[in-house]
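Structural overview for review
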Amino acid sequence: MNLTIEDVERLQQKLEEEQQDYQIELQEGNILLMGPSDIESSEIGAQLIYLLKLWINPRKLGRIFDSSGGFIMPNTDLRAPDVSFVAAERLKRTVRDFAELVPDLVVEIKSKTDRISKLEDKVKLFLDLGARVGILINPDELTVSVYRPHGDVKVLTGDDKLTINELFPGWEIAISELWPPIFE
């Protein structure tokens, strides 16, 4: 049975009424339920959003979304990257609904229970459907893998610099800035 976006919306409403906290995606007509992520992954996502917004907002380059932002893909899937960006010229005004477009940037952050291969497949699907850059952050390995549509993957570690010149000219951060601090 192939489910639709309307089925996802009904399920989401039912879960909210029951005070259940699940992220729902639709992939090839099948529902994907995801519970809350671990707090380390959440903190990394919040830090990346913060660092991106510091650059993007003053320049009015576009919009950043967290893992709750759902996108209806050209293949009718409903997907929600952990962090995403849509250029201003593609989304001049936000909508009170799912966005019917592929984000320009998609970021997946490995939670402790995630399998890297599934996350890689998700990033590659976004690229196949039109994303310009995909990023996979692996806190277990302290790596950031940057994917581009032409198939190249660049793995960054330590004080390597993350740049995304095609979307954010001049922006860069050291990979080490993403990892949560240790307070002693």
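Scoring rules and cut-offs
Residues numbered from 1 in each chain as written. Predicted model: local features only at pLDDT ≥ 70, side-chain atom pairs only at ≥ 80, totals over all residues. Heavy atoms only, no water. Buried < 20%, exposed > 50% of the residue type's maximum accessible area, 1.4 Å probe, protein only. Helix = DSSP H or I, 4+ residues; strand = E, 2+ residues; numbered from the N terminus. Pairing = 2+ DSSP bridges. Contact = heavy atoms within 4.5 Å. Axes fitted to C-alpha atoms, helices over the stretch in contact; angles between N-to-C directions. Expected span 1.5 Å × (residues − 1). Arc of directions from axis to C-beta. Core = buried A, V, L, I, M, F, W, Y, C linked by side-chain atoms within 4.5 Å.

Buried residues dominate strand β7 (residues 105–109), accounting for five of its five residues. Of the pairings in the sheet, the one linking strand β6 (residues 83–87) to β7 comprises three bridges and is antiparallel in character. Note that in β7 the partner of Val83 across the bridge is Val107. Inspection of the sheet shows β7 paired to strand β8 (residues 133–138) by five bridges, in the parallel sense. Looking across to β8, one finds that Val106 is bridged to Gly134.

A separate point is the side chain of Thr143. Within the element layout of this structure, Thr143 appears in strand β9 (residues 143–147). When sequence neighbours within four positions are dropped, the list of residues in contact with Thr143 reads Leu136, Ile137, Asn138, Val155, Leu156, Thr157 and Trp179.

Before going further, it helps to spend a moment on the side chain of Asp104. Note on placement: Asp104 falls in the loop between β6 and β7. Excluding residues within four positions of it along the chain, Asp104 makes contact with Phe85, Val86, Ala87, Arg90, Ala131, Arg132, Val133 and Leu167.

This part covers the sheet that holds β6. Strand order across the open sheet formed by six strands is β3-β6-β7-β8-β9-β10, with mixed pairing between neighbours. Only two strands of the sheet have a single partner each, and these edge strands are β3 (62–65) and β10 (153–157). Sheet twist, expressed as the mean angle between neighbouring strand axes with direction ignored, is 15 degrees. Along the sheet, helix α2 (residues 39–59) contacts β3, β6, β7 and β8; its crossing angle with β3, the most-contacted strand, is approximately 170 degrees.

Let us now look at helix α3 (residues 116–129). For α3, spanning 14 residues, the distance from its first C-alpha to its last is 20 Å, which sits close to the expected 20 Å at 1.5 Å a residue. Turning to α3, its buried residues number three or more, namely Leu119, Lys122, Val123, Phe126 and Leu127. The buried residues of α3 occupy an angular sector of 140 degrees when the element is viewed end-on, so they sit on one face. Exposed positions of α3 whose direction lies more than 90 degrees from the buried face are Lys118, Asp121 and Asp128. Following α3 by one or two positions, Gly130 adopts a phi angle in the positive range, close to 130 degrees.

To continue, consider the nonpolar core. With 29 residues, the main nonpolar core has Leu105, Ile135, Ile137 and Phe168 as its most contacted residues. Of all the elements in the fold, those that place two or more residues in this core are α2, β6, β7, β8 and β9. It is α2 that contributes the most residues to this core, seven residues altogether. Filtering out sequence-adjacent residues up to four positions away, Ile135 remains in contact with Leu105, Val106, Val107, Glu108, Val123, Val144, Ser145, Val146, Leu162 and Ile164. Among the nonpolar cores identified, the runner-up in size contains 16 residues, and Phe65, Val106, Leu119 and Tyr147 belong to it.

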